[in-house]
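As a plain string of letters, each chain reads:
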Amino acid sequence: DTEVTQTPKHLVMGMTNKKSLKCEQHMGHRAMYWYKQKAKKPPELMFVYSYEKLSINESVPSRFSPECPNSSLLNLHLHALQPEDSALYLCASSQQGHQPQHFGDGTRLSIL
Amino acid sequence: EDQVTQSPEALRLQEGESSSLNCSYTVSGLRGLFWYRQDPGKGPEFLFTLYSAGEEKEKERLKATLTKKESFLHITAPKPEDSATYLCAVLDSGNTGKLIFGQGTTLQVKP
């Protein structure tokens, strides 16, 4: 069992839908991350939140919108996604930027 | 440019056959090298952090070592349950907390 919890585990949505991915950690970590992982590839960083403020946006399209309501929660709002956005979306957290990142098991997203 | 290269891409071992995975890195001022294990359909599981050349970490059948240019993950007498993809990553030189991942080594251990 991981200490970073992601919901839902699977999500199928149409290109016109709006949905949200959720991530929760209770380790007191102050940095949280969103990654995208395609099959047989390593994770690719999307966003970094540090102390609840967005510190890195890796030129991600605006159809992905992150939100950090508090130090334990991280959301990723999805709107008008494309089929190529189908992937495993991973959330991670770390105590500080140079400490190990701990990952959740991800949300498997399929865009129809 | 920060870069991480892992080899081999895939490795098949018989149970009990020890081997090593390689991770070569290029980064300006290493601030941390991390090893992860990833099972299919799961997120990466943290294994080790190494911060300076000469450092070694051990956990069960796994041992990670670090030099100024590369890291090795040694697997001693592997079991089928060690089958997974092993990912190596370094923190970027821009001090942003961003991890630069290698492409991974997929290990299969046959009984």
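That block above? That's the structure.
(A) Geometry of the packing of aromatic side chains. Residue and element names in this part refer to chain A. Taken as a whole and assessed by the stated rule, the structure comprises eight aromatic pairs over all chains. Between Tyr 35 and Phe 103 the ring centres are 5.2 Å apart and the planes differ by 50°, which places this aromatic pair in the tilted class. One end of the pair, Tyr 35, is in strand β4 (residues 31–37); the other, Phe 103, is in strand β10 (residues 102–103), with 68 residues separating them in the sequence. The exposure class of Tyr 35 is buried, given its relative accessible area of 0%. For Phe 103, a relative accessible area of 4% puts it in the buried group.

(B) The arrangement of the sheet that holds strand β6 (residues 56–59) of chain B in detail. Residue and element names in this part refer to chain B. Strand order in the open sheet formed by five strands is β1-β3-β8-β7-β6, with antiparallel pairing between adjacent strands. Across the chains shown, the open sheet's two edge strands, defined by having one partner strand only, are β1 (3–7) and β6. The sheet shows a mean angle of 15° between the axes of neighbouring strands, taken without regard to direction. Pairing geometry for β6 and strand β7 (residues 62–66), over four bridges, is antiparallel. The residue bridging Lys 57 from the neighbouring strand is Ala 64, located in β7.

(C) Examining the interface of chain B and chain A more closely. With 20 residues of chain B at the interface, the matching set in chain A holds 21 residues. When chain B packs against chain A, the two sides together hide about 1,600 Å² of surface, and 57% of this comes from carbon and sulfur. Three residues, B:Pro44, B:Lys98 and B:Phe101, lead the burial of chain B against chain A; their summed loss comes to 25% of the area buried on that side. Among the ionic pairs, A:Asp105 bridges to B:Lys42, the shortest N-O distance being 3.9 Å. Sorting the residues of the side of chain B that touches chain A by element identifies β4 (33–38), β5 (45–50), β9 (84–91) and β10 (99–101) of chain B as the ones contributing at least two each. Counting residues per element, the side of chain B that touches chain A draws most heavily on β4(B), at three residues. Tallied by class, residues from the side of chain B that touches chain A come to nine nonpolar, eight polar and three charged.

(D) Looking closely at the pattern of salt bridges. All names here are of chain B. In this structure the tally under the stated criterion is nine salt bridges over all chains. For Arg 31, the salt bridge goes to Asp 92, with nearest N and O atoms at 3.8 Å. Taken as a pair, Arg 31 in the loop between β3 (19–26) and β4 and Asp 92 in the loop between β9 and β10 lie far apart in primary sequence, 61 residues in all. The exposure class assigned to Arg 31 is partly exposed, which follows from its relative accessible area of 23%.

Criteria and cut-off values
Residues numbered from 1 in each chain as written. Chains lettered and ligands numbered in written order. Predicted model: local features only at pLDDT ≥ 70, side-chain atom pairs only at ≥ 80, totals over all residues. Heavy atoms only, no water. Phe/Tyr/Trp six-rings, centres within 6.5 Å; stacked < 30°, edge-to-face > 60°. Helix = DSSP H or I, 4+ residues; strand = E, 2+ residues; numbered from the N terminus. Buried < 20%, exposed > 50% of the residue type's maximum accessible area, 1.4 Å probe, protein only. Pairing = 2+ DSSP bridges. Axes fitted to C-alpha atoms, helices over the stretch in contact; angles between N-to-C directions. Contact = heavy atoms within 4.5 Å. Buried area = accessible area lost by both parts, 1.4 Å probe. Salt bridge = Lys/Arg side-chain N within 4 Å of Asp/Glu carboxyl O. Nonpolar A, V, L, I, M, F, W, Y, C, P; charged D, E, K, R; others polar.

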